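# Structural characterization, general
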Amino acid sequence: TDMKFRPLGNTGLMVSEISIGCGGFEKLDSTASLELMTMALDSGMNYIDIYDANPKTRSNIGYALQGRRDEMIIQGHIGTIWANGQHTRTRDLDSTKAGFEDLLARLGTDHIEVGMIHITDSREEWEEIQNSPFLDYVFQLKKEGKIKHIGLSSHNAEEAKIGRASCRERV
């Protein structure tokens, strides 16, 4: 393909300039999900962001990646669960663990390449999780090899920079 690739930060991963997000997979059946993922992979895309905890989304992506998992770099979010019929952010440790294990199970994998701390938008929020069991769990996942790299998602660039620096200090 003519796909171009770029390094993802200093992870050593080379990701396609055009990638795929998980939005919309909940509207597809497994056949359409497979067709979409096949087209993406055959076009050279090798990176997917799975922020949504919707069981149908995760299951559709897992089904579509069967037999081709090693071709896709998966970015999954830690701290996102499916509760009361909707995607929900959480820092509760038991819920976080269950949500992450659900992600791996539905994707049919034992690891993901990038584990994103799901949406940290304020300094106060970062301070709350910085020395918490939630963040300890994220680092435990990395140590166990269930995530290869840690990322942080945010709608606030300044707070994301602070979170990134704090995570680097801890490593």
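Before going into details, it helps to say that this report is about the structure given with it. (Residues numbered from 1 in each chain as written. Predicted model: local features only at pLDDT ≥ 70, side-chain atom pairs only at ≥ 80, totals over all residues. Heavy atoms only, no water.)

### Overview of the overall build of the protein
Each helix and strand counted, the protein has six helices and nine strands in total. Compactness check: the protein gives a C-alpha radius of gyration of 16 Å against a globular reference of 16 Å for 171 residues, within 12% of the reference. Its C-alpha atoms put the protein at 45 × 40 × 30 Å along the principal axes. When the 171 residues of the protein are sorted by exposure, 44% land in the buried category. Averaging the coordinates of the 20 positive side-chain charges in the protein and doing the same for the 26 negative ones gives two points 3 Å apart. (Helix = DSSP H or I, 4+ residues; strand = E, 2+ residues; numbered from the N terminus. Rg over C-alpha atoms; globule rule 2.2 N^0.38 Å. Buried < 20%, exposed > 50% of the residue type's maximum accessible area, 1.4 Å probe, protein only. Lys, Arg positive; Asp, Glu negative; His and termini not counted. Charge placed at Lys NZ, Arg CZ, Asp CG, Glu CD.)

### Description of the pattern of salt bridges
Pairing of side chains with opposite charge becomes possible as their charged atoms draw close. Taken as a whole and judged by the stated rule, the model has ten salt bridges. In this structure, Arg69 and Glu113 form a salt bridge, with 3.0 Å as the shortest nitrogen-oxygen distance. Of the two residues, Arg69 is situated in the loop between helix H2 (55–65) and strand S5 (73–78) and Glu113 in strand S8 (residues 112–117); the sequence distance between them amounts to 44 residues. Overall, the relative accessible area of 11% leaves Glu113 in the buried class. Salt bridges sharing partners connect three or more residues here, namely Asp42, Arg68 and Glu71. (Salt bridge = Lys/Arg side-chain N within 4 Å of Asp/Glu carboxyl O.)

### Side note on the sheet that holds strand S9 (residues 147–152)
With parallel pairing, the five strands of this open sheet are ordered in space as S3-S4-S5-S8-S9. Looking along the sheet, the strands with just one partner apiece sit at the ends: strand S3 (20–21) and S9. Sheet analysis places S8 next to S9, joined by five bridges and oriented parallel. By the bridge assignment, Gly115 is partnered in S9 with Ile150. (Pairing = 2+ DSSP bridges.)

### Observations concerning the packing of helix H1 (residues 30–42) against H2
Contact pair H1 / H2: the axes reach a minimum separation of 8 Å and the direction vectors enclose 55°. With respect to H2, the axis of H1 lies oblique. At the point where H1 passes H2, the crossing takes the right-handed sense. Contacts between H1 and H2 involve Ser30, Ser33, Leu34, Met37 and Leu41 from the first element and Asn60, Ile61, Tyr63, Ala64 and Leu65 from the second. A per-class count over the contact of H1 with H2 returns seven nonpolar, three polar and no charged. (Axes fitted to C-alpha atoms, helices over the stretch in contact; angles between N-to-C directions. Parallel < 35°, antiparallel > 145°, perpendicular 65-115°, else oblique. Left-handed = near helix turned anticlockwise from the far one by under 90°. Contact = heavy atoms within 4.5 Å. Nonpolar A, V, L, I, M, F, W, Y, C, P; charged D, E, K, R; others polar.)

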